[in-house]
Amino acid sequence: MNSPLFDLAAVQAWLDKQRKGQDVSEEVQLWQALRGTYGDDMIGGLADVAHLLAGRESETSVTLPADAVRLARQLGNSGSPGDVVSTLTERFTDSVRRAGSDQVTSPRIVRAVRHFAGEVPTDATLFDPACGIGTLLLTVGPELGPKRCGQEVDARSARFAQLRADLTGRSDVDILVGDSLRADHWPDLRADLVVCDPPAGSTDWGREELLLDPRWELGTPSRAEAELAWLQHAYAHTAPGGCVLMVMPASVAYRKAGRRIRAELVRRGILTDVVALPPGSAASHALPVHLWRLRRPLSPDATVDTVRMVDLTANDPDGPMEPGPGQTADVPLIELLDDAVDLTPGRHVAASHRDYTADYQALCHELAEQARLLADLLPDLTAGAGPSALEGPSVSIADLARAGLVEYGDPEPVSVSDQLDTDYLQGFLRSAANARRSTSASGTYRLDGKGARIPQMDITEQRRYGAAFRALQEFEERARRVAELSKQAAALARDGLGNGALSPEE
């Protein structure tokens with residue numbers, strides 16, 4: 001076991017005997033008692049402590065050990081029960097982060113959502129349809145004032161989230177238990193702000209049961225696009241003029257299966273921002289994470305004309321959230337509606353700050369230079385004596401290796417003797433005769449260096465052929481570079497003409 005659990009009473013007895021541990025705080029002792037009893041079900045333990053502090057022992061079968069009951073009551077009597085629960089929640093969140101679990105939203109993502117949510121009015125209604133232990137629902141916006149509604153499929157998490165709210169004096173929080181997609185307990189709710197960090201990568205979200213659900217106004221998500229189902233669920237609960245802030249895996253921005261729904265989001269002008277967060281923002285993995293911001297228009301003509309792309313991937317995850325110079329771009333909707341509908345911020349931010357004129361001129365200059373050099377690389381060749389000139393004695397590569405003249409390099413054999421030219425050797429290895437020896441009946445080519453044969457020539461003739469083969473090799477490499485530059489120049493020119501950064505000369 002990576003984190004073995006021990007009986008708290010036995011540990012304390014041992015510490016007392018060894019005259020150690022007298023300075024362990026009551027909070028730490030309570031945490032250790034909970035871990036010893038609940039193990040991996042720490043949310044259940046925290047909920048039972050919260051019930052005890054709220055004086056609701058009769059509402060649940062409390063399984064708290066006597067030590068935990070005593071410590072919880074001591075802490076509650078010496079301070080605020082809400083502070084006790086907040087301290088335990090912080091410890092739980094930190095332990096989850098270090099363990100790499102996705103049970104709760106990471107503090108970094110919470111900070112990002114709070115920043116991009118902006119100022120939330122005190123009379124606003126907030127909603128989180130997958131609220132977990134209330135991490136986002138209870139921390140976004142002012143502490144008091146907004147009405148907060150949530151739903152969570154895990155009963156333990158929902159119970160603890162509600163108790164957190166109650167013990168911190170928030171009477172305007174209502175959290176219900178249930179699967180939001182399959183059994184929406186808030187069908188008539190329209191919130192001013194919907195925040196959500198939905199379950200990622202789930203395929204069992206109820207697609208077959210919900211094919212005709214009216215929430216899919218942007219299109220029915222595929223089985224693999226659960227995040228787009230949660231996004232539309234959140235949007236369905238947004239009041240006119242209200243916003244959605246949804247935590248999304250970065251792959252949702254470009255996956256082929258979600259292209260049609262992304263296109264509809266853009267076409268209707270309801271997607272306002274996509275923010276690529278710094279690496280390490282999520283606690284459970286190192287994969288990139290985005291924030292998508294949607295706004296439900298107050299009227300049909302109150303849609304946006306651009307989507308603000310923000311790329312924070314070069315930033316420190318604990319640094320400022322405000323984007324710096326060159327990290328944002330307001331992209332016209334028409335530029336997003338191509339075949340891919342790729343909403344990855346980095347792609348659009350980089351393009352918007354690109355100097356198309358300078359880059360195009362540099363590409364054209366390099367292409368012209370490479371093309372000029374290309375023609376000079378072809379060797380001067382004259383008519384040969386025909387196949388008979390090479391039908392003399394030949395030797396296998398295996399024989400040359402046994403004689404110590406050749407070593408098998410990567411990927412081709414090389415000469416280790418001044419009596420054998422490497423360019424000559426490798427040039428004849430690629431000859432038509434050796435290519436036939438290396439091609440299987442199915443047409444698969446695999447170089448057989450040991451079985452290949454090369455003609456026997458003196459070193460002077462070898463070097464003459466070797467120089468020609470070497471020139472051909474350089475020609476082929478430069479031709480590939482010319483083809484690559486040609487492709488880049490054409491793509492840049494087409495892109496620049498399409499977005500107005502370039503124009504044809506008169």
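Residues numbered from 1 in each chain as written. Predicted model: local features only at pLDDT ≥ 70, side-chain atom pairs only at ≥ 80, totals over all residues. Heavy atoms only, no water.

A. Main features of the overall build of the chain. Scanning the chain from terminus to terminus reveals 16 helices and 13 strands. Counting all 506 residues of the chain, 42% fall into the buried class. Within the chain, counting contacts between residues at least 6 apart in sequence, those at least 24 apart form 68% of the total. With an accessible surface of roughly 26,400 Å², the chain has 50% of that area assigned to carbon and sulfur atoms. (Helix = DSSP H or I, 4+ residues; strand = E, 2+ residues; numbered from the N terminus. Buried < 20%, exposed > 50% of the residue type's maximum accessible area, 1.4 Å probe, protein only. Contact = heavy atoms within 4.5 Å. Areas by Shrake-Rupley, 256 points an atom, 1.4 Å probe, with all protein chains shown as cover.)

B. Main features of the packing of aromatic side chains. Under the definition given, this model contains five aromatic pairs. With a centroid separation of 5.8 Å and an interplanar angle of 85 degrees, the aromatic rings of tryptophan 205 and tryptophan 216 are classed as edge-to-face. Taken together, the residues span a long stretch of sequence, with tryptophan 205 in the loop between strand S4 (191-196) and helix H8 (226-236) and tryptophan 216 in the loop between S4 and H8 at a distance of 11 residues. When sorted by exposure, tryptophan 205 lands in the same class as tryptophan 216, which is buried. Grouping aromatic residues by their ring pairs yields a cluster made of Tyr424, Phe428, Tyr465 and Phe469. (Phe/Tyr/Trp six-rings, centres within 6.5 Å; stacked < 30°, edge-to-face > 60°.)

C. Layout of the packing of helix H2 (residues 26-38) against helix H3 (residues 42-53). One way to put it is that H2 packs onto H3 with a least axis distance of 9 Å and a crossing angle of 125 degrees. As far as their axial angle goes, H3 and H2 are oblique. With respect to the hand of their crossing, H2 and H3 are arranged in right-handed fashion. Contacts between H2 and H3 involve Trp31, Leu34, Arg35 and Tyr38 on the former and, on the latter, Met42, Gly44, Gly45, Leu46, Asp48 and Val49. Its residues assigned to classes, the contact of H2 with H3 comprises six nonpolar, two polar and two charged. (Axes fitted to C-alpha atoms, helices over the stretch in contact; angles between N-to-C directions. Parallel < 35°, antiparallel > 145°, perpendicular 65-115°, else oblique. Left-handed = near helix turned anticlockwise from the far one by under 90°. Nonpolar A, V, L, I, M, F, W, Y, C, P; charged D, E, K, R; others polar.)

D. Spotlight on the pattern of salt bridges. Under the criterion given, the structure shown has 25 salt bridges. The closest approach of N and O atoms between arginine 296 and glutamate 217, which form a salt bridge, is 3.5 Å. Note that arginine 296 is positioned in the loop between strand S7 (289-295) and strand S8 (306-311) and glutamate 217 in the loop between S4 and H8, a separation of 79 residues in sequence. When its relative accessible area of 17% is taken as the criterion, arginine 296 is described as buried. For glutamate 217, a relative accessible area of 33% gives the class partly exposed. One network of salt bridges, with partners in common, ties together Glu217, Glu264, Arg267, Arg268 and Arg296. (Salt bridge = Lys/Arg side-chain N within 4 Å of Asp/Glu carboxyl O.)

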